[in-house]
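The chain contents come next:
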Amino acid sequence: MSTVTTVVRETKETQVTVELARGTGVARVDTGLKFFDHMLATFARYAGLDLTLHARGDLRHHLMEDVAITLGTAVQRVIPATAARYGERTLPMDDALVQACLDAGGRFYYRGPLKNRLYEHWMRSFCEHSRITLHLRVLRGKDSHHLTEAAFKALGLALRDAMVDSGVVFSMKGSVSLEVK
């Protein structure tokens, strides 16, 4: 049984609660935004993360950003110290073809873009707070729905690969610890 991490973020604009564990990809998501809920549940399923997420906010932008911050923080906490670290997946979905290449080694970097500015911002905020490097490439496609969904699926599968506990620290620096106060 994997350890469950809980992250709560409350501001004047939003209230977000995330419970997350490495598992089988079971998700219960309620943000009040149906497509966003679908993307988060899809991400959890493909990443093999058990996720319970409840969020409310004043504006769509604030809500999505704070969910990215909170979920990213929770993901950072469940990545094993001896994770395989790297993951890459290219995913086709109808007209869309999207590639996600990531390094879960503790350094933030994001390179996109997605066509939808809110989901582009979500990816950047998620990467910053999960401390992953993500290069997301749209290789083909025009339909924003398909491109976004393919991106969340590719991200989830790449993260699943990166989180495999290899039993070895994949870094020439050895184990890196970072204490957040």
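Residues numbered from 1 in each chain as written. Predicted model: local features only at pLDDT ≥ 70, side-chain atom pairs only at ≥ 80, totals over all residues. Heavy atoms only, no water.

The name an unreviewed UniProt entry assigns to the protein is Imidazoleglycerol-phosphate dehydratase, from the organism Corallococcus coralloides. Quoted straight from UniProt, the Pathway (unreviewed entry) entry for the protein says "Amino-acid biosynthesis; L-histidine biosynthesis; L-histidine from 5-phospho-alpha-D-ribose 1-diphosphate: step 6/9." (UniProt positions renumbered as here; feature names shortened; annotations may be inferred.)

Caption draft 1: Geometry of the overall build of the protein. Along its length, the protein carries four helices and eight strands. Whereas a compact globule of 181 residues would reach a radius of gyration of roughly 16 Å, the protein reaches 15 Å, a difference of no more than 12%. Along the three orthogonal principal directions, the C-alpha set of the protein runs to about 40 × 40 × 25 Å. When each of the 181 residues of the protein is scored for burial, the buried share is 47%. Accessible surface computed for the protein: about 9400 Å², of which carbon and sulfur atoms make up 51%. Averaged over its 24 positive side-chain charges, the protein has a centre that lies 4 Å from the centre of its 20 negative ones. (Helix = DSSP H or I, 4+ residues; strand = E, 2+ residues; numbered from the N terminus. Rg over C-alpha atoms; globule rule 2.2 N^0.38 Å. Buried < 20%, exposed > 50% of the residue type's maximum accessible area, 1.4 Å probe, protein only. Areas by Shrake-Rupley, 256 points an atom, 1.4 Å probe, with all protein chains shown as cover. Lys, Arg positive; Asp, Glu negative; His and termini not counted. Charge placed at Lys NZ, Arg CZ, Asp CG, Glu CD.)

Caption draft 2: Inspection of helix α1 (residues 34-47) at higher detail. Helix length check: α1, at 14 residues, gives a terminal C-alpha distance of 20 Å against a target of 20 Å (1.5 Å per residue), a fit within 8%. Of all the positions in α1, only F36, D37, M39, L40, T42, F43, A44 and A47 are classed as buried. Among the structural elements, β3 (27-30), β4 (49-57), α2 (60-78), α3 (117-130) and α4 (144-162) are those in contact with the buried residues of α1. With its phi angle positive at about 75 degrees, G48 sits one or two positions after the end of α1. (Expected span 1.5 Å × (residues − 1). Contact = heavy atoms within 4.5 Å.)

Caption draft 3: Looking closely at the packing of α2 against α3. Where α2 meets α3, the closest approach of the two axes is 7 Å, and the angle between their N-to-C directions is 30 degrees. On the basis of the axis angle, α2 is roughly parallel to α3. The two elements α2 and α3 cross, and the hand of that crossing is right-handed. Residue-level inspection shows R60, H61, M64, E65, V67, A68, I69, L71, G72, T73, V75 and Q76 of α2 in contact with α3, the latter providing L118, Y119, H121, W122, S125, F126, H129 and S130. Broken down by class, the residue content of the contact of α2 with α3 amounts to ten nonpolar, eight polar and two charged. (Axes fitted to C-alpha atoms, helices over the stretch in contact; angles between N-to-C directions. Parallel < 35°, antiparallel > 145°, perpendicular 65-115°, else oblique. Left-handed = near helix turned anticlockwise from the far one by under 90°. Nonpolar A, V, L, I, M, F, W, Y, C, P; charged D, E, K, R; others polar.)

Caption draft 4: A look at the sheet that holds β3. Spatially, four strands are ordered β1-β2-β4-β3 in an open sheet, and the strand pairing comes out mixed. Looking at which strands have only one partner, the edges of the open sheet turn out to be β1 (5-10) and β3. Neighbouring strand axes in the sheet, compared pairwise and without regard to direction, differ in orientation by 5 degrees on average. Each of β1, β2 (14-22) and β4 touches α2; the most contacted strand, β2, lies at about 30 degrees to it. (Pairing = 2+ DSSP bridges.)

Caption draft 5: Fine view of the sheet that holds strand β5 (residues 86-93). A sheet is described by the order of its strands in space; here four strands give the open sequence β5-β6-β8-β7, paired in mixed fashion. Each edge of the open sheet is held by one strand with a lone partner, namely β5 and β7 (109-111). Each neighbouring strand pair of the sheet contributes to a mean axis angle of 10 degrees, computed without reference to strand direction. Bridging between β7 and strand β8 (residues 133-140) involves three bridges; their strand directions are parallel. Paired with Y110 across the two strands is L134, which belongs to β8. Across the sheet, α3 is in contact with β7 and β8; its angle to β7 comes to roughly 160 degrees. The strands that α4 touches are β5, β6 (96-103) and β8; relative to β5, the one it contacts most, it runs at about 150 degrees.

Caption draft 6: Main features of the packing of α3 against α4. At a minimum axis distance of 11 Å, the contact between α3 and α4 shows a crossing angle of 15 degrees. With respect to α4, the axis of α3 lies roughly parallel. Judged by the sense of rotation from one axis to the other, the crossing of α3 with α4 is left-handed. Every residue of α4 that contacts α3 at Y119, W122, M123 and F126 is listed here: T148, A151, F152 and L155.

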